[in-house]
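# Structural features, examined
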Amino acid sequence: MSEQSAFEPAKFLTTVNGQDYLEVKWRLVWLRSVYPDARIETELVEHQGHSAVFRALVSLSSGACATGWGSEAADDFGDYLEKAETKALGRALAALGFGTQFCPDYDFGADRQRLVDSPVNIRSPRGAHVTSAQARQQATPRQLKYVHVVAREAGLSQEDLELRAHEQFSQALAELSRSDMSALIEQLQSERQSSDLAS
């Protein structure tokens, strides 16, 4: 690809919480401009009631590949299936370097905002946003059940999980908000994935 026609991610950034963010659609354009024959696979891993977990695998012709996981619930988004799939794909692309520097999905800082391609409690380019009261809604029973499953798969005991909640959110696990619980689930899924790759 010539230097003149190279994809320039800086031209497509959105500001999220004062940080530059590259949406998944632009990460895909970037991917295809460099690896037009890249292979993308998504799989609905779990769909119970009104929540879904997707796995995305992106493979490059160079041999590099990455997996991303995404979970969403209807309580947060009416189109939760699509959001979960997009989240998984975005994380896989970021793991391959497409938008990583513009993608705080892997940050679990004090802010605890939910930064995915369907962000909660942030301003979109059109100005729509979710109020802080909505962002502080208590975690759903489904989230609480699912975090225990992911924790077990990541090798954490109930005590470890409670300790993690206190260390990161200064609250008991059952008192976490929906967005905090989602961040914790994503972190545990990432740890589980890293462990799977290491074994």
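Everything in this summary refers to the structure shown in the same document.

The next thing to look at is the overall build of the protein chain. Within the protein chain, the regular secondary structure consists of 6 helices and 5 strands. Starting at the N terminus and walking to the C terminus, you meet the elements of the protein chain as β-β-α-β-β-β-α-α-α-α-α. The proportion of buried residues among the 199 residues of the protein chain is 42%. When contacts within the protein chain are restricted to residue pairs at least 6 apart in sequence, those whose partners lie at least 24 apart make up 57%. Here the protein chain displays about 10500 Å² of accessible surface, and carbon together with sulfur accounts for 49% of that area.

A full pass over the atoms with the stated rule returns 5 salt bridges. With a shortest N-O distance of 3.0 Å, E41 and R39 are connected by a salt bridge. Between K83 and D79 there is a salt bridge; the shortest N-O distance is 3.5 Å.

Following both chains from N to C, one finds helix α1 (residues 24-34) and helix α2 (residues 80-95) inclined at 45°, their axes separated by 10 Å at the closest point. Relative to α2, α1 is oriented oblique. Crossing handedness for the pair α1 and α2: left-handed. Counted together, V24, R27, L28 and L31 of α1 and T86, L89, G90, R91, L93 and A94 of α2 form the full contact between these two elements. Broken down by class, the residue content of the contact of α1 with α2 amounts to 6 nonpolar, 2 polar and 2 charged.

Attention shifts here to α2. A rise of 1.5 Å per residue sets the reference length of α2, with its 16 residues, at 22 Å; its end C-alpha atoms lie 22 Å apart and thus fit the reference within 8%. Residues of α2 that are buried include every one of Y80, A84, K87, A88, L89, G90, R91, A92, L93 and A94, and no others. Among the residues trailing α2, G97 stands out with phi positive, at a value near 100°.

Quantified by volume, the second largest pocket comes out at close to 290 Å³. Lining the second largest pocket are 19 residues, with S51, V53, R142, Q143 and Y146 sitting closest to its centre. Among the elements of the structure, β3 (39-48), β4 (51-59), β5 (65-73), α4 (141-153) and α6 (178-198) are those that each provide at least two residues to the lining of the second largest pocket. When residues of the lining of the second largest pocket are assigned to their parent elements, the largest contribution, 5 residues, is made by α4. For the lining of the second largest pocket, a count of residues per class yields 6 nonpolar, 7 polar and 6 charged.

This brings us to the environment of S177. Looking at the element boundaries, S177 is found in the loop between α5 (158-169) and α6. C-alpha of S177 to C-alpha of Q138: the two residues are 39 residues apart in sequence and 4.2 Å apart in space. Side chain to side chain, S177 and S179 meet in a polar contact 3.3 Å long.

Reading the values: rules and limits
Residues numbered from 1 in each chain as written. Predicted model: local features only at pLDDT ≥ 70, side-chain atom pairs only at ≥ 80, totals over all residues. Heavy atoms only, no water. Helix = DSSP H or I, 4+ residues; strand = E, 2+ residues; numbered from the N terminus. Buried < 20%, exposed > 50% of the residue type's maximum accessible area, 1.4 Å probe, protein only. Contact = heavy atoms within 4.5 Å. Areas by Shrake-Rupley, 256 points an atom, 1.4 Å probe, with all protein chains shown as cover. Salt bridge = Lys/Arg side-chain N within 4 Å of Asp/Glu carboxyl O. Axes fitted to C-alpha atoms, helices over the stretch in contact; angles between N-to-C directions. Parallel < 35°, antiparallel > 145°, perpendicular 65-115°, else oblique. Left-handed = near helix turned anticlockwise from the far one by under 90°. Nonpolar A, V, L, I, M, F, W, Y, C, P; charged D, E, K, R; others polar. Expected span 1.5 Å × (residues − 1). 1 Å grid on protein atoms, 1.4 Å probe; cavity = no way out; pocket = protein on both sides within 12 Å on 5 of 7 lines; lining within 4 Å. Points joined across faces, edges and corners; volume = space filled by probe spheres on them. Polar contact = N/O pair within 3.5 Å; in protein donor to acceptor, adjacent residues only side chain to side chain.

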